[in-house]
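An overview of the molecular structure
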Amino acid sequence: MERYSFKNIEKKWRNNNALLSVVNPKSDKKYYCLEMFPYPSGKIHMGHVRNYTIGDVIARYKFLNGYNVLHPMGWDAFGLPAENASKLNKLHPRKWTNENIDTMRSQLKLLGLSIDWGREISTCDKSYYKHQQELFIDFYNQGLVSRKETYVNWDPKEKTVLANEQVINGRGWRSNAIVERKKLSQWFFNITKFSNELLKDLETLNGWPEKVKLMQKNWIGKSIGCEIDFLMNNKKKLRVFTTRPDTIFGATFIALSADHELSKEFENDKNFINFKKECNKSGTTEEALSSAEKLGFKTNFFVHHPFINGKKLPVYFANFVLMDYGSGAIFGCPGHDHRDFEFAKKYNLEIIRVVSDETKKDDLNEAYTGNGKMINSSFLDGLEIEKAKAKIIQEIEKKSIGQKKIQYRLKDWGVSRQRYWGCPIPMIYLDDGSVVPVDKSELPIELPEDVDLNANGNPLENHPNWKNTIQKSTGKKAIRETDTLDTFVDSSWYFLRFCSPKYDSSPFDEEKIKYWMPVDQYIGGIEHAILHLLYSRFFTKGIARFNKDIDISEPFQNLFTQGMVCHETYKDKNGNFLYPDEIEKIDKNIFKKSDKSKVLVGPSESMSKSKKNTVDPEAMIDQYGADAVRWFILSDSPPEKDVQWSDTGVNSANKFLQKFYNLIHLILNKKNQKINKEIDNKFNLEINSFVNKIDNSIKEFRFNVSIAHFYEVYNLFKKSVQTDLSQSILKKNVIKILKLLIPFTPHLAYECLELVECKTINKWPEIGNEIEEQVKLAVQINGKTRDIINIKTNSSEKEINEIIHNSSKAKKYIDKSKVIKTIFVKNRILNYIIKNNK
Ligand code: ANZ
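My aim in this report is to walk through the structure given alongside it, one point at a time. (Residues numbered from 1 in each chain as written. Predicted model: local features only at pLDDT ≥ 70, side-chain atom pairs only at ≥ 80, totals over all residues. Heavy atoms only, no water.)

Bridge count between strand β5 (residues 145–155) and strand β9 (residues 180–189): ten bridges; the pairing is antiparallel. Paired with Arg-147 across the bridge in β9 is Trp-187. Pairing geometry for β5 and strand β6 (residues 160–162), over three bridges, is antiparallel. When the bridges of β6 are listed, Asn-153 appears paired with Leu-162. With antiparallel pairing between neighbouring strands as the criterion, β5 and β6 make up a hairpin whose turn holds four residues, including Lys-159 at a positive phi of roughly 55°. (Pairing = 2+ DSSP bridges. Helix = DSSP H or I, 4+ residues; strand = E, 2+ residues; numbered from the N terminus.)

What follows deals with the site of the ligand. Near the ligand there are 18 residues, and of these Ser-223, Thr-242, Leu-322, Tyr-325 and Arg-409 occur at the shortest range. Side-chain polar atom of Arg-339 to an oxygen atom of the ligand: 3.4 Å apart, as the coordinates give it. Within the complex, the protein chains bury 88% of what would otherwise be the 640 Å² of accessible surface of the ligand. Secondary structure elements with two or more residues in the shell around the ligand: β11 (237–242) and β15 (329–332). (Near = heavy atom within 4 Å. Polar contact = N/O pair within 3.5 Å; in protein donor to acceptor, adjacent residues only side chain to side chain. Areas by Shrake-Rupley, 256 points an atom, 1.4 Å probe, with all protein chains shown as cover.)

Turning our attention to the packing of helix α22 (residues 703–721) against helix α23 (residues 727–741). As a packed pair, α22 and α23 sit with axes 12 Å apart at the nearest point and diverge in direction by 160°. Classified by the angle their axes make, α22 and α23 are roughly antiparallel. α23 is crossed by α22, and the crossing has left-handed handedness. Across the interface between the two elements, Phe-710, Val-713, Phe-717, Ser-720 and Val-721 of α22 pack against Leu-730, Asn-733, Val-734, Ile-737, Leu-740 and Leu-741 of α23. Of the residues in the contact of α22 with α23, the class split is nine nonpolar, two polar and no charged. (Axes fitted to C-alpha atoms, helices over the stretch in contact; angles between N-to-C directions. Parallel < 35°, antiparallel > 145°, perpendicular 65-115°, else oblique. Left-handed = near helix turned anticlockwise from the far one by under 90°. Contact = heavy atoms within 4.5 Å. Nonpolar A, V, L, I, M, F, W, Y, C, P; charged D, E, K, R; others polar.)

Turning next to the sheet that holds strand β35 (residues 829–835). Strand order in the open sheet formed by four strands is β33-β32-β35-β34, with mixed pairing between adjacent strands. Edge positions in the open sheet fall to β33 (784–792) and β34 (818–825), since each of these has one partner strand only. The mean angle between the axes of side-by-side strands here comes to 20°, regardless of whether they run parallel or antiparallel. Alignment of strand β32 (residues 774–781) against β33, held across eight bridges, turns out to be antiparallel. Following the sheet pairing, Lys-776 is matched in β33 by Asn-790. Where helix α25 (residues 797–807) meets the sheet, its contacts fall on β32, β33, β34 and β35, and the angle it forms with β35 comes to roughly 65°.

This paragraph deals with a positive patch on the surface. Together, Lys-784, Arg-786, Lys-812 and Lys-816 line one region of the surface with positive charge. By the secondary structure assignment, Lys-784 is in strand β33. (Patch = residues over 30% accessible without salt bridge, like charges linked within 9 Å, V, L, I, M, F, W, Y side chains within 5 Å. Salt bridge = Lys/Arg side-chain N within 4 Å of Asp/Glu carboxyl O. Lys, Arg positive; Asp, Glu negative; His and termini not counted. Charge placed at Lys NZ, Arg CZ, Asp CG, Glu CD.)

Next up on the list: the pattern of salt bridges. Inspection of every chain in the model, using the stated rule, returns 47 salt bridges. Here Glu-584 makes a salt bridge to Lys-596, at a shortest N to O gap of 2.6 Å. Note that Glu-584 is positioned in strand β28 (residues 583–586) and Lys-596 in the loop between β29 (589–592) and β30 (600–606), a separation of twelve residues in sequence. Given the relative accessible area of 22%, Glu-584 is considered partly exposed. (Buried < 20%, exposed > 50% of the residue type's maximum accessible area, 1.4 Å probe, protein only.)

What follows concerns helix α12 (residues 385–398). In an α-helix there are 3.6 residues to a turn, and that puts residues three or four apart on one side. The first and last C-alpha atoms of α12 sit 20 Å apart over 14 residues, in line with the 20 Å expected at 1.5 Å per residue. Buried residues of α12: Ile-385, Ala-388, Lys-389, Ile-392, Ile-393, Glu-395 and Ile-396, and no others. One face of α12 carries all of its buried residues, which in axial projection span an arc of 160°. Residues Glu-386, Lys-387, Gln-394 and Lys-398 are exposed on α12 and point more than 90 degrees away from its buried face. Tucked into the core, α12 has its buried residues touching β10 (222–232) and β16 (402–408). One or two residues past the end of α12 sits Ser-400, with phi positive at roughly 55°. (Expected span 1.5 Å × (residues − 1). Arc of directions from axis to C-beta.)

Strands sit in the order β20-β19-β22-β21 across an open sheet of four strands; the sheet is antiparallel. Only two strands of the sheet have a single partner each, and these edge strands are β20 (435–437) and β21 (468–470). For this sheet, the mean angle separating the axes of adjacent strands, direction not counted, is 45°. The pairing of strand β19 (residues 427–430) with β20 spans three bridges and is classified as antiparallel. What sits directly across from Met-427, in β20, is Pro-437. Relative to β20, helix α6 (residues 126–141) is tilted by about 125°, and along the sheet it contacts β19 and β20.

Below, the structure is given as structure tokens:
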């Protein structure tokens, strides 16, 4: 028997166009299949393998079904790790990045992906970032970019600004340093101008997982409430934002953010300065603030309650009030808000219940946030919360002390980074203090190559002359912006660039955008559910606003988020993590290879370098072949769930592919038999049923189910080769199955299709009309099974009754007796209740 020499087979097909391309330009149907592009960190990992294999199955499936498929790949190539690595290895970030790209590209090529490498882009390449700078200027000219002074999360170790999501428990996500609050002037994309649209259009995204839509919805965070202006004792107004105006009669204090305008009055107050210092110690995120111990600073100010004559509320500064939400001021209602309750307890403030808690009457041991009727609330008494809200807003508006207000949690997107390895921001500062975009004809504003990354602070700022320039239109001296863009900007429009990656006169060729966009299927990790997807949606909407030829409001029609690849974790006796190839298994025990000491096995977790529970895809491909790796990673679990990596699993995948290869030879060597039409027809029907099932499971992204069917169909072939079936029928049918295999194991499939001399390789098998899904149905007489018959799925009782009367073994019972009634369970049972002796 021929050996399945996967190395030779994969090598043979690796550079073959038939295997690589999914382009079908003559087709009238297009399909844009995109996987999230990788950060070139060094080598590909199993997460990439899974992501790109899933994408490849979809791209090939669509291609084989006659679509013209766009399936590109690129590199998210700017970012901090390149700078850090370069400090360590004394290698320029560009060199480090490009070397990684070369390695990862060649590794991806080993996987046999149908990627159009002619469209490859790299975000650190000036031919890419030139257009990003152009887009930045377009957004600026549309009022969608602005410069603002804000408090930022400052990482004192990395000396850069962090986004809220990069602050984890008050610490920098990479440096683990305690994050400080710092006021800085920053560039922002005004994403909040689209808050409502970004929220509303989620409803149109029927091809997105509900989970992701919900995460986006919560992130945008729409709150309906009202603003109220309280009159202060100094006759000035103090504006608060509340979502619970119904609880106004329970208000017992006012709390302000430490950065509120009123804090100016206390600038020189030592106690206030100390209080502010204390506040800055806790993290800056909302969760950190709401769970931190409540801190307050009592002022000598008070406000008048707008609805209770003579009632005065003290004004505090409090650490749990954020400056950048609402108006940075709240009225505190300890009876119905947990934070306010904690605060009131600590500072001995009045607690008034204004919503009745039917379960725990008058229990003031905690805030009550449930439903109920208003009490202690004058004209609101007796109303349900929602009715009370409507009524009080009406009163507030009538008194002209406030109005209904919709508030979003979403904040503008701060994109300034004090970093070298990013896209330069194409803005210049003139002597008169104005800030203007550079002339577009000067783009790209290139990064200087000579840079000192070891000095503290901003490398472009420190560069001896890069920032000195002149304004092209006036010849005036100017200073360049020395911050670079957040790398999330790079990935917010790359899907547009792929449509015309070499186009030079603008970021994209509109005609190509009209043809390819939106992305039909986007595939990536759930970790990008919020920011990357939100920013990409914003960019698409922003571009459509100033480019009327672009009529797309959403970039990704369908989104698929794949699960993680997991592996057991191993630790030596000192608690240090070990790589899987540092251990060996003897019987059921696990030892460290080097010194034969015992190894502790931990739970399976998603593969990560920090836990050393990774396996190297290239080594796996070398040992078992790319097809086996693809097969295993698709077979183990549904693609949205986590998959447990196992070497045994990939080994048996390889063995199965060998068996499939052998089967082809068995078929080719089979001597032709006398044709038996009936056997042939039955076999055709059975195979068609498999074709149908596999086709359906691919359509539904249940690739593990497809693979289970491949195992079944293999068994059927294996059995059938030994029967009277003719070789031509076997061949005709195995061609169908091999075509279905192309998306999964392309090298093996193309090799076998060549062996069986298939002439129409790149065409999906017809889903034959002859397919009749059959099921087995039990024929019972008084509950006892007397026969099992094959019927067409979903046949009616009447049809089955006819069959039974014509040919079933149960016929004799029914003929002799009187049928009183029948019990019919579709596709399973027809039970005749009979009375003997007609
Ligand atoms: C009075 C009140 C009474 C409130 C009550 C809640 C419960 P969401 O729903 O998340 O939008 N708030 C307003 N601005 C704030 C800020 N800058 N920092 C911290 N908290 C702030 O939350 C709105 C509620 O959060 C508002 O409603 C306000 O407290 C508080 F029984 O007003 B509420």
